[in-house]
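So the chains spell out like this:
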Amino acid sequence: MSFLSKIVPGYRPFHYVGEKIACNLCCSREKSVLSTRDRWLNPLTNVICTHCGLIRVDPMPTDAELERYYTDHYRLHYQSTLEPTPKSISRGTKGARSRLAYLSTMIKPGGRVLDIGAGGGEFLAEAKRLGFEVEGVEPSVGFARYAERTYGVQVRVAPLMKIDFGGRKFDLIHSFHVFEHLRDPMASMKLVHSLLVPGGFFYIAVPDMAEKRTPTGMFHFAHVHGFTFETLRMMAAKAGFEWMPNTSRGAAIVLKRAEAPDPNWFLFPDHARKLEQKFRASSLTKHLLSGDPYRRAWLRLKRKIAERKLTKTG
Ligand SMILES: [Zn+2]
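Computed from a predicted structure; not experimentally measured. (Residues numbered from 1 in each chain as written. Predicted model: local features only at pLDDT ≥ 70, side-chain atom pairs only at ≥ 80, totals over all residues. Heavy atoms only, no water.)

J.: Residues and numbers for the overall build of the protein, please.
T.: Tallying secondary structure elements over the protein gives 10 helices and 11 strands in all. Here the protein holds 314 residues, and 48% of them are scored as buried. Long-range pairs, those at least 24 residues apart, make up 68% of the contacts in the protein between residues at least 6 apart in sequence. Carbon and sulfur atoms make up 56% of the accessible area of the protein, which amounts to about 16,000 Å² in all. (Helix = DSSP H or I, 4+ residues; strand = E, 2+ residues; numbered from the N terminus. Buried < 20%, exposed > 50% of the residue type's maximum accessible area, 1.4 Å probe, protein only. Contact = heavy atoms within 4.5 Å. Areas by Shrake-Rupley, 256 points an atom, 1.4 Å probe, with all protein chains shown as cover.)

In structure tokens, the structure reads:
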């Protein structure tokens, strides 16, 4: 086991008890196991709801367990820092610009924009530059303070559900790779709905589980829910959103606040079966026999040795 932790950087089992929950989207308890390992081969069970196709970590970690995970493990797994890196800033700015190129034309000039999971503040900075009134929410103190200091934007550090917005409504709410981290994305989706002006827009992007790389490549302890275009759309319809086809791509979609939830939200009855089939089509054995994981581990080890040599000689 210690050998594994040397060659697989994220190999560090996290022990938790969790709780058995029903599907967050359709409330069914019917499920089927998709994987018992995460992307670094740590034990982690992910199941698919056989009714709607939403994927979740099972058992679902509690809030306290997730908090412990983020404190002890998250930084290590993401090889991240307490503040944004030049690479993440440049990538974040580029993404923000391309999304704002069309999102900014959909709302009124000077409108109010909220970024959920603001990170280092790149999206807020770009929206502010375009004349919008901006604010953000971000769980990491380091990132939030960096955004405030660097761009002069307000970013609050608190769980989304606990923030008092003082009755303020937004014209656009943006959320990039956040909802997969939430234990109750349905409740957050409804909250977003309540925070938008009538006809306001919600941009949401999550990792697309239908585009899996390897059998375990998409699984990660912090990603407690796994979405696809179909499950995201069904959740949005159930929460009272209309889908904007022209500005949506895969599991990155633009939604418009509708007046009421769609009673016919169960739009893709075949989805669960098809998605499960897709996962079954590739097995861990096939992946391990492909040689790819070993090649990557070997390259990583070589890089580490080279870095160590440099440090010693330097
Ligand atoms: Zn379901």
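J.: Before we move on, can you summarise the sheet that holds strand S4 (residues 112–116) with the specific residues and values?
T.: Reading across from one edge, S6-S5-S4-S7-S8-S11-S10 is the order of the seven strands in this open sheet, with mixed pairing throughout. Pairing within the sheet leaves two strands with one partner each, and these edge strands are strand S6 (154–156) and strand S10 (241–243). Here the strands of the sheet are splayed against their neighbours by 25 degrees on average, with no regard to which way each runs. Note that strand S7 (residues 170–176) and strand S8 (residues 196–205) share six bridges and pair parallel. Paired with Ile173 across the two strands is Phe202, which belongs to S8. (Pairing = 2+ DSSP bridges. Axes fitted to C-alpha atoms, helices over the stretch in contact; angles between N-to-C directions.)

J.: Tell me about the coordination of the zinc ion, and name the residues and values.
T.: Taken together, the protein donors to the zinc ion comprise Cys23 (SG), Cys26 (SG), Cys49 (SG) and Cys52 (SG), at separations of 2.3 Å. Here the zinc ion binds four donor atoms, and the angle range of 99 to 117 degrees at the metal identifies the geometry as tetrahedral. Within one chain, the residues serving as donors to the zinc ion are arranged as C-x2-C-x22-C-x2-C. Taken together, the residues span a long stretch of sequence, with Cys23 in the loop between helix H1 (2–7) and strand S1 (31–37) and Cys52 in the loop between strand S2 (43–49) and strand S3 (55–57) at a distance of 29 residues. A residue is classified by how much of its surface remains accessible, and Cys23, at 3% relative accessible area, is buried. (Donors = N, O, S within 2.8 Å, 3.2 Å for Na, K, Ca; no water. Tetrahedral: all angles 85-135°; square planar, octahedral: opposite > 155°, others 65-115°.)

J.: Which residues make up the environment of Glu211, and what are the values?
T.: By the element assignment, Glu211 lies in the loop between S8 and strand S9 (225–226). The exposure class of Glu211 is exposed, given its relative accessible area of 58%. In this structure the C-alpha to C-alpha distance between Glu211 and Ala251, which are 40 residues apart in sequence, comes to 9.8 Å.

J.: Before we move on, can you summarise the sheet that holds S3 with the specific residues and values?
T.: Within the open sheet, the four strands sit side by side as S1-S2-S3-S9. Their pairing is antiparallel. The sheet terminates laterally at S1 and S9, the two strands that pair on one side only. Across the sheet, helix H8 (residues 271–281) lies against S1, S2 and S3, angled at about 30 degrees from S1, the strand it touches most.

J.: Give a detailed account of the nonpolar core, specifying residues and quantitative values.
T.: If you look at the biggest cluster of nonpolar residues, it comprises 38 residues, and the most contacted ones within it are Ile173, Phe179, Met189, Phe202, Ile204 and Phe241. Contributions of two or more residues to this core are made by S4, S7, helix H6 (185–195), S8, helix H7 (229–239) and strand S11 (252–257). Among the elements that make up this core, the one with the highest residue count is H7 (seven residues). What Met189 contacts, discounting residues up to four positions off in sequence, is Phe179, Phe202, Ile204, Leu232, Met235, Ala236, Ala239 and Phe241. (Core = buried A, V, L, I, M, F, W, Y, C linked by side-chain atoms within 4.5 Å.)

J.: Which residues make up the packing of aromatic side chains, and what values go with them?
T.: By the definition in use, this model includes 13 aromatic pairs. Every member of this aromatic cluster is reached through a ring pair, and the members are Phe14, Tyr16, Tyr69, Tyr70 and Phe221. The ring of Phe176 carries the charged tip of Arg99 above its face, separated from the ring centre by 4.2 Å. The ring centre of Phe165 lies 5.3 Å from the NZ or CZ of Arg156, which sits over that ring. (Phe/Tyr/Trp six-rings, centres within 6.5 Å; stacked < 30°, edge-to-face > 60°. Lys NZ or Arg CZ within 6 Å of the ring centre and 35° of its normal.)

J.: Let's hear about the packing of H6 against H7: which residues, and what values?
T.: Two elements in contact, H6 and H7, have axes whose closest approach is 9 Å; the angle formed by their N-to-C orientations is 50 degrees. Taken together, the axis directions place H6 and H7 in an arrangement best described as oblique. Crossing angle aside, the handedness with which H6 passes H7 is right-handed. Listed contacts from H7 to Pro185, Met186, Met189, Lys190 and His193 of H6 are Leu232, Met235, Ala236, Lys238 and Ala239. Its residues assigned to classes, the contact of H6 with H7 comprises seven nonpolar, one polar and two charged. (Parallel < 35°, antiparallel > 145°, perpendicular 65-115°, else oblique. Left-handed = near helix turned anticlockwise from the far one by under 90°. Nonpolar A, V, L, I, M, F, W, Y, C, P; charged D, E, K, R; others polar.)

J.: Talk me through the pattern of salt bridges; I want residue IDs and the actual numbers.
T.: For side chains of opposite charge, pairing can occur when their charged atoms come near one another. Counting across every chain of the model gives 14 salt bridges. In this structure, the salt-bridge partner of Glu133 is Arg112, at a minimum N-O distance of 3.0 Å. Of the two residues, Glu133 sits in strand S5 (residues 133–137) while Arg112 sits in strand S4, which places them 21 residues apart along the sequence. Exposure remark for Glu133: the relative accessible area of 44% places this residue in the partly exposed category. Looking at Arg112, the relative accessible area reads 27%, which means it is partly exposed. Among the ionic pairs, Arg273 bridges to Asp270, the shortest N-O distance being 3.6 Å. (Salt bridge = Lys/Arg side-chain N within 4 Å of Asp/Glu carboxyl O.)

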